[in-house]
Amino acid sequence: AKATGKEEPVYQRQNWTESFVQWSPKGTCIATVHRQGAALWGGPEWARLQRFAHPNTRLIDFSPDEKYLVCFSLQEPSHPRESAQANL
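Described in the following lines is the structure provided in the data block.

Moving on, we get to the nonpolar core. Formed by Cys29, Ala31, Val33, Ala38, Leu40, Ile60 and Phe62, the largest nonpolar core amounts to seven residues. Where this core is concerned, the elements lending two or more residues are β2 (29-34), β3 (37-42) and β5 (57-62). When residues of this core are assigned to their parent elements, the largest contribution, three residues, is made by β2. Setting aside residues up to four positions removed in sequence, Cys29 forms contacts with Gln22, Trp23, Ser24, Leu40, Trp41, Gly42, Trp46 and Phe62.

Structure (C-alpha cells):
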C-alpha cells in the first residue's frame, strides 16, 4: 500500500466499547470495556479472544510481556467466591 500521509483504518467495527479501550504494550491485542466487564480482541481479523466478567471496570492494564491482564473495579463482588484481597 502506498503511503498517503493520511491515517487509514486497518479494521472497522461498530460499537467496540461502552467505555474505553486499552492497547496491549506490543500492540497485538486490544481490551474493550463494557458494563459487564472486559473483552480481549486480536489476530488478523480482530476476533474476540476472551471475555472477562468484571462489572463496572474502571481500569485495565497489561503486563509488559502481554501474558497478564488486570482489571480494577470499585464494585464489591456479588459472590464470595469472586472476592480476593491483596495486601501490598
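Here the focus is the sheet that holds β3. Read across the open sheet, the four strands follow the order β1-β2-β3-β4; overall the sheet is antiparallel. Edge positions in the open sheet fall to β1 (21-23) and β4 (47-53), since each of these has one partner strand only. On average, each strand axis in the sheet is tilted by 20 degrees relative to the strand beside it, whichever way the strands run. By the bridge criterion, six bridges tie β2 to β3 in an arrangement that is antiparallel. Of the residues in β3, the one forming a bridge with Ile30 is Trp41.

Calculation rules
Residues numbered from 1 in each chain as written. Predicted model: local features only at pLDDT ≥ 70, side-chain atom pairs only at ≥ 80, totals over all residues. Heavy atoms only, no water. Core = buried A, V, L, I, M, F, W, Y, C linked by side-chain atoms within 4.5 Å. Buried < 20%, exposed > 50% of the residue type's maximum accessible area, 1.4 Å probe, protein only. Helix = DSSP H or I, 4+ residues; strand = E, 2+ residues; numbered from the N terminus. Contact = heavy atoms within 4.5 Å. Pairing = 2+ DSSP bridges. Axes fitted to C-alpha atoms, helices over the stretch in contact; angles between N-to-C directions.

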